[in-house]
Structures are given as C-alpha cells and as structure tokens.
Amino acid sequence: MPSANEPPIVSLRDVHQSFGDVEVLKGVSMDVPKGAVVCIIGPSGSGKSTLLRCINGLVPISRGSIRVGSFDVHSLRTDQEKIALRKEVSIVFQQYNLFPHKTALQNVMMAPIHVLKEDKDQVHVRAVALLKKVGLSAKADAYPGELSGGQQQRVAIARSLAMRPEVMLFDEITAALDPETVKEVLNTIRELAQDGMTCMLVTHEMRFAREIAHDVYFTDGGLIVESGPPAELFDRPKMERTRAFLSQIL
C-alpha cells in the first residue's frame, strides 16, 4: 500500500487545457501517492487521455500546475528538460507504435541507447530481463508483424519500463485488443502494481479497475465529477452523473 506520509509523486492543481476554442480540461486537481494505482474512467471526450498527455509533458497546459517527482511539468520548455521528465514518467498508448523493422528486443533497447546514451551491453541485459518480466522471452527476436496485438502491447510496456520510470501511464491500452489478449496485458499491469510501480490508467475495464485501483476518478466534460476507492465509487456513487454512467456499463 502507498504511504500516506510521503508527498504525492504526481500532483495536479487546477489544470486547464484547450485546443483552440475547445476547453478540454476545466480545472482538474488530484494527488497520486507513490506506489498507488489510479484508474480514470468516463465517457469518450471527457479529457481522460489529454490528462495523461499533460502529465507526460506531451501536451502543454493553459493554466494550473503539474508536478511529477521533482519536475514542475508546466514549466518545462526544452527537449532536454522533457527527456529528463520522461525518464521519470513513461506513457503507453493504445497504438503500439513499435518500429516494424526492429525485433522486440531492439525495440526495447532503442530509447535507452539513443535517447539516454546508455551503454549498449548494459541496456541489452536490462531489455532481456524486461521481456522476461512481460512473458515474452521467447519472442525477443520476433518482429512486430510476427506478434499478436497483446504481445505487441507487452513489448510496448517493456519498452517504456526500459527508461526506468517512477510512474507509468496507460492510455486505454486494451481498447484495440481482442478479448483473449486483454487478459495477458492486464496481468502484466497487475504484476507491475504488485511490484510497487505507481500506475495511472485510463481504462474501460471496470472489473479490473475495481480489483487493482486504490482510487478511481470519474471524469466528464473536462472535470473530475467524483473520486474515491473503487468499492465506494462503484457501489455507492454520490453524484447522479456517476450513477448514470455506471448504469450504462456495469
């Protein structure tokens, strides 16, 4: 269980974000303790994915503040500063974004070697261990086209872990998978959580959110409508909007 005595590893205060005239986030605040698992749920277009991209520094915010570890994300300007942030917080997307001409092992090794300039031999040892961790030791020399969707997604998770982050962000990473391969990806996340990795997930897998999350945040219209432990939010939601959403999906 995360410690309540430590400062949060991720902290958002009154975060606003707009694309042109469209306000996507309208004042989001949350704290994520180190080692916690947070699931963000809500209808499409409610700002969930944008929120993760803001935390990772991929999307600038209009106003407010985001802090991850020692980084004031809202203040970062240079590529070098953002690379340093992304050693702390990695994101895995719905699309695998693997290099098709590189093997699974090479995909995992690329960022530490080319971005962090780490020693190739040391990175190789770590990459082999990470593929084992996600259950893909036998696929190290396979190319993405030779892998199932679930296997490609687990390579993408290993690739993010190769940066040795403190926080992992998962953006609807099972949405494009068939039901048979969803389970293997969720098992990988479950094991990361059990190892103490801080995880933030945008997900439609409500049963998984109930099982794994310390806190669930329900978002709608760019706002956090309600949040709380899964047993509380799923079984005893306080807000009518939360009840209406859950009645459609549970």
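Notes on the structure follow.

Rules and cut-offs
Residues numbered from 1 in each chain as written. Predicted model: local features only at pLDDT ≥ 70, side-chain atom pairs only at ≥ 80, totals over all residues. Heavy atoms only, no water. Helix = DSSP H or I, 4+ residues; strand = E, 2+ residues; numbered from the N terminus. Salt bridge = Lys/Arg side-chain N within 4 Å of Asp/Glu carboxyl O. Pairing = 2+ DSSP bridges. Axes fitted to C-alpha atoms, helices over the stretch in contact; angles between N-to-C directions. Contact = heavy atoms within 4.5 Å.

1. Points about unusual backbone geometry
Even without glycine at this site, Asp-14 takes up a positive phi of about 50 degrees. If you check the backbone angles, Asn-97 has positive phi at about 55 degrees while not being a glycine. With respect to the secondary-structure elements, Asn-97 resides in the loop between strand E6 (89–92) and helix H3 (104–114).

2. Here's the deal with the pattern of salt bridges
Tallied over the full model, the rule gives 13 salt bridges. Of the charged contacts in the structure, one is a salt bridge between Arg-164 and Glu-118, with a shortest N-O distance of 3.1 Å. Residue Arg-164 is found in the loop between helix H5 (149–161) and strand E7 (167–171), and its partner Glu-118 is found in the loop between H3 and helix H4 (120–133); the two are separated by 46 residues along the sequence. A salt bridge links Arg-243 to Glu-240, with the shortest nitrogen-to-oxygen separation between them at 3.1 Å. In this pair, Arg-243 and Glu-240 are both assigned in helix H9 (residues 240–249), three residues apart and thus about one turn of the helix distant.

3. Brief notes about the sheet that holds strand E10 (residues 223–228)
On the basis of which strands lie adjacent, the open sheet formed by six strands has the order E6-E7-E8-E3-E9-E10 and mixed pairing. Sheet topology places E6 and E10 at the edges, where each strand pairs with a single neighbour. Averaged over neighbouring strand pairs, the angle between their axes works out to 20 degrees when direction is ignored. The pairing of strand E3 (residues 37–41) with strand E9 (residues 215–220) spans four bridges and is classified as parallel. Bridge assignment links Cys-39 to a residue of E9, and that residue is Val-216. Relative to the sheet, helix H2 (residues 79–88) contacts E6 and E7, its axis offset from that of E6 by approximately 75 degrees. Across the sheet, H5 lies against E6 and E7, angled at about 170 degrees from E6, the strand it touches most.

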